[in-house]
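In case you want the letters, here they are:
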Amino acid sequence: MLIPLILSGGSGTRLWPISRRNLPKQFLSLAGSETLFQQTVQRALNLAGATSPVVVASDDHRFLAAEQLQALQISNTSILLEPVARNTAPAIAVGALQALTKDPEAIVLVLPADHLVGDAASFSAAVAKAQPLAEQGWLVTFGIRPDRPETGFGYIRRGKALGGGAFQVEQFVEKPQLEVAERYVSSGEYDWNSGMFMFRAASYIDELGKHAPAMLAAARAAFENANIDLDFIRLEAKTFASAPSDSIDYAVMEKTSRAAVVPVACQWSDIGSWDALWLAAEKDANGNHVEGDVIALDTRGSLVRSHDRHMVATIGLKDVVVVTTPDATLVAHRNASQEVKRVVEKLKDAGRTEHDLHRVVHRPWGTYDSLERGDRFQVKRIVVKPGASLSLQMHHHRAEHWIVVKGVAEVTCDDKVFLLAENQSTYLPLGSKHRLRNPGKVPVELIEVQSGSYLGEDDIVRFDDAYGRT
């Protein structure tokens, strides 16, 4: 049984301001109409013999993952929730343990959820080459044939040929300086380390036990003491947090004697920066990739992306990145796009929220958009999906007015339950128990006006919630 293991716990800080902690790049549509996560899942399921995937996701992103799988009409998926990020080695361990519950001989194909593959046929051919090696007990990684001396990736040096286009791994190499990367590429002996792997689930567990026994013990305990929560498998928090944080490369692949590599040229990109996205994207005659309402005059070799309600104009620019969102704008030279994470660190240090949340915040019931905020008031646009409802809640420090602008809403306020149609409104006093539900078949849209001494999202006391939030 071939089980795709999708790792979707990354934060994508180098693609700020589009990618943020609560809506990272894997759940965004950056290349095509589907998100990177959805493209990864579909690419895996198109492989011969592949079954429903195992997904390892952050607890914060559980509803995003579930909703995007549902949009693809994919069922029977195991979604394991990490209470904290512990890097790839523990994440793969719990995924492998879950695969073993389905088939003790399971072959797992480990795929990061935020990668782009432009040539699916070449990728499928590489997987077909790797599977016999995995069945023989090899831990196979996929090496991307380099087309440039890239300093942002690790490299793999090929060793003894194993037949069928595969090789033993001679050496894993850290991200090199430019002159070293140039030497690697010209030698023809090195491939980029893609972070994609294939092996028997049992083989990985065995090797992890040899080289990182404390990590395996913590991952196993967290898995065995997991709780079922709605459609999710919630790993036991304390034991999973005790696992050493390490990548599969350091914990296993650099230490095992069973590491193999299958080189592949499949138009791969990790979309790890705005420059990487520009390289992978379609471009016009001037080498520009533009999205949204953009006027680019005398502009070359650039990526310009505007928010759909914000026009951007550029004049006389070359090799730049311009990205706008409703609450932030990034302007950078393409060569400096790897440094965007420094902006994110500055935002964190300053206690700001632009690294964490978009102005439009996704919730399991829909979205809210903070339109305006001032001293003692805030205005939001709330959209509730058909059949969905907010929790039954109250606030200690704010009152709310709701005005329905589309659809019909069911409102609970203390002991009253009533319907609000378009252009109708209601007042929810401070301290009242209230709930908003959409009983219809179209989204409900309303404007919420909050007023009070404190308007933070943590001023919510939940009494009942369909999504298990506390």
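Residues numbered from 1 in each chain as written. Predicted model: local features only at pLDDT ≥ 70, side-chain atom pairs only at ≥ 80, totals over all residues. Heavy atoms only, no water.

With an unreviewed UniProt entry as reference, the protein is termed Xanthan biosynthesis protein XanB, source organism Dyella japonica A8. Turning to the protein, the UniProt record has this under Catalytic activity (unreviewed entry): "alpha-D-mannose 1-phosphate + GTP + H(+) = GDP-alpha-D-mannose + diphosphate". Quoted verbatim from the Pathway (unreviewed entry) field of UniProt, the annotation for the protein is "Nucleotide-sugar biosynthesis; GDP-alpha-D-mannose biosynthesis; GDP-alpha-D-mannose from alpha-D-mannose 1-phosphate (GTP route): step 1/1." (UniProt positions renumbered as here; feature names shortened; annotations may be inferred.)

Trainee: Just checking my understanding: could you explain the overall build of the protein for this structure?
Mentor: Helices and strands together make up the secondary structure of the protein, namely 11 helices and 30 strands. Projecting the C-alpha coordinates of the protein onto the three principal axes gives extents of approximately 75 × 60 × 40 Å. When the 470 residues of the protein are sorted by exposure, 52% land in the buried category. Partitioning the contacts of the protein with sequence separation of at least 6, the portion at a separation of at least 24 is 69%. With the model as given, the accessible surface of the protein reaches about 20800 Å², and the carbon-plus-sulfur share is 49%. Seen as two clouds, the 50 positive and the 57 negative side-chain charges of the protein have centres 1 Å apart. (Helix = DSSP H or I, 4+ residues; strand = E, 2+ residues; numbered from the N terminus. Buried < 20%, exposed > 50% of the residue type's maximum accessible area, 1.4 Å probe, protein only. Contact = heavy atoms within 4.5 Å. Areas by Shrake-Rupley, 256 points an atom, 1.4 Å probe, with all protein chains shown as cover. Lys, Arg positive; Asp, Glu negative; His and termini not counted. Charge placed at Lys NZ, Arg CZ, Asp CG, Glu CD.)

Trainee: Honestly, the UniProt feature "domain: MannoseP isomerase/GMP-like beta-helix" (unreviewed entry) in the protein in this entry has me stumped. Any pointers?
Mentor: Mapped onto this numbering, the UniProt entry gives "domain: MannoseP isomerase/GMP-like beta-helix" (unreviewed entry) at residues 292–347. With 14% helix and 38% strand, residues 292–347 has end C-alpha atoms that lie 26 Å from one another.

Trainee: Whenever I open this one, the environment of Phe123 confuses me. Can you help?
Mentor: Here Phe123 lies in helix H4 (residues 120–135). Between the C-alpha atom of Phe123 and that of Ala259, which follows or precedes it by 136 residues, the distance is 19 Å. With residues up to four places along the chain from it excluded, the contact list for Phe123 reads Arg43, Leu47, Leu109, Leu111, Val117, Met196, Val264 and Cys266.

Trainee: Hey, could you run me through the pattern of salt bridges in this one?
Mentor: Between side chains of opposite charge, pairing is possible as soon as their charged atoms come close. The full count for this structure, using the stated rule, is 27 salt bridges. Note that Glu354 is salt-bridged to Arg352, the shortest N-O span being 2.6 Å. By relative accessible area, which is 13% here, Glu354 ends up buried. Residue class for Arg352 comes out partly exposed when judged on its relative accessible area of 46%. (Salt bridge = Lys/Arg side-chain N within 4 Å of Asp/Glu carboxyl O.)

Trainee: Help me out: how do you make sense of the side chain of Asp229 in this one?
Mentor: Secondary-structure assignment places Asp229 in strand S10 (residues 227–229). A distance of 2.6 Å separates the side chain of Asp229 from the side chain of Arg234, its partner in a polar contact. (Polar contact = N/O pair within 3.5 Å; in protein donor to acceptor, adjacent residues only side chain to side chain.)

Trainee: Help me out: how do you make sense of the sheet that holds strand S16 (residues 303–305) in this one?
Mentor: Strand order in the open sheet formed by four strands is S14-S16-S18-S19, and the pairing between neighbours is mixed. Either end of the sheet is taken by a strand with one partner, and the two such strands are strand S14 (289–291) and strand S19 (329–333). Neighbouring strand axes in the sheet, compared pairwise and without regard to direction, differ in orientation by 5 degrees on average. Here three bridges tie S16 to strand S18 (residues 320–324), and the two strands are oriented parallel to one another. Across the sheet, Leu303 pairs through a bridge with Val321, a residue of S18. (Pairing = 2+ DSSP bridges. Axes fitted to C-alpha atoms, helices over the stretch in contact; angles between N-to-C directions.)

Trainee: Would you mind showing me how to read helix H6 (residues 201–211) here?
Mentor: Spacing of three or four residues puts side chains on the same side of an α-helix, whose turn is 3.6 residues. Turning to H6, its buried residues number three or more, namely Ala201, Ser203, Tyr204, Ile205, Glu207 and Leu208. On its buried face, H6 is in contact with helix H3 (88–102), strand S4 (107–112), strand S6 (139–144), strand S9 (190–200), helix H7 (213–224) and helix H9 (248–253).

Trainee: Help me out: how do you make sense of the side chain of His289 in this one?
Mentor: When you line up the elements, His289 lands in strand S14. With relative accessibility at 13%, the residue His289 sits in the buried group. Here Glu282 takes part through its backbone oxygen, which lies 2.8 Å from a polar atom of the side chain of His289. Apart from the residues within four sequence positions on either side, His289 is in contact with Trp278, Ala281, Glu282, Lys283, Ser302, Leu303 and Val304.

Trainee: Any chance you could explain the packing of aromatic side chains here in plain terms?
Mentor: The relative placement of two aromatic rings is captured by the distance of their centres and the angle of their planes. Under the definition given, this model contains nine aromatic pairs. Look at Trp192 and Trp268: their rings are 6.4 Å apart centre to centre, the planes differ by 50 degrees, and that puts the pair in the tilted class. Pair noted here: Trp192 is in strand S9 and Trp268 is in strand S13 (residues 268–269), with a separation of 76 residues, a long-range link. Given the relative accessible area of 8%, Trp268 is considered buried. Taken together, the aromatic side chains of Phe63, Phe232 and Tyr467 make up a single cluster linked through ring pairs. When the ring centre of Phe167 is taken as origin, the NZ or CZ atom of Arg158, which lies over that ring, is 5.4 Å away. Of note, Arg334 hangs over the ring of Trp278, and the distance from its end group to the ring centre comes to 3.4 Å. (Phe/Tyr/Trp six-rings, centres within 6.5 Å; stacked < 30°, edge-to-face > 60°. Lys NZ or Arg CZ within 6 Å of the ring centre and 35° of its normal.)

Trainee: Any chance you could explain the packing of helix H1 (residues 36–45) against helix H2 (residues 62–71) here in plain terms?
Mentor: Relative placement of two packed helices is described by the angle separating their axes and the distance separating the axes. The geometry of H1 relative to H2 is characterised by a closest axis approach of 10 Å and an angle of 55 degrees between their N-to-C directions. Considering their axes alone, H1 and H2 lie oblique with respect to each other. For the element pair H1 and H2, the recorded crossing hand is right-handed. Counting all contacts with H1, which are made through Phe37, Gln38 and Val41, the residues of H2 involved are Ala65, Gln68, Leu69 and Ala71. Its residues placed into classes, the contact of H1 with H2 shows five nonpolar, two polar and no charged. (Parallel < 35°, antiparallel > 145°, perpendicular 65-115°, else oblique. Left-handed = near helix turned anticlockwise from the far one by under 90°. Nonpolar A, V, L, I, M, F, W, Y, C, P; charged D, E, K, R; others polar.)

Trainee: In this structure, what is going on with the confidence of the model for the protein? I would like to understand it.
Mentor: Keep in mind that low pLDDT regions are not for reading the predicted coordinates in detail. Taken over all residues, the pLDDT of the protein has a mean of 94, while the share at 70 or more is 100%. Within the protein, strand S20 (residues 360–363) has the poorest average pLDDT of any element, 89, and S4 the best, 98. (pLDDT = per-residue confidence, 0-100.)

Trainee: How should I be thinking about the environment of Ala332 in this particular structure?
Mentor: Within the secondary structure, Ala332 sits in strand S19. Considered as a pair, Ala332 and Asp319 are 13 residues apart in the sequence and their alpha carbons are 8.9 Å apart. Those residues in contact with Ala332, other than ones at most four positions away along the chain, are Val320 and Val321.

Trainee: Could you clarify how one ought to interpret H1 in this entry?
Mentor: With eight of 10 residues buried, H1 is to be regarded as a mostly interior element. Along H1, the positions that sit buried rather than exposed are Leu36, Phe37, Gln38, Gln39, Thr40, Val41, Arg43 and Ala44. The secondary structure elements touched by the buried residues of H1 are strand S1 (2–8), strand S2 (54–58), H2, S4, strand S5 (116–117) and H4.

Trainee: Would you mind showing me how to read the UniProt feature "domain: Mannose-6-phosphate isomerase type II C-terminal" (unreviewed entry) in the protein here?
Mentor: Under the feature "domain: Mannose-6-phosphate isomerase type II C-terminal" (unreviewed entry), the UniProt entry names residues 351–465. Measuring from the first to the last C-alpha atom of residues 351–465 gives 29 Å, for a span that is 0% helix and 56% strand.

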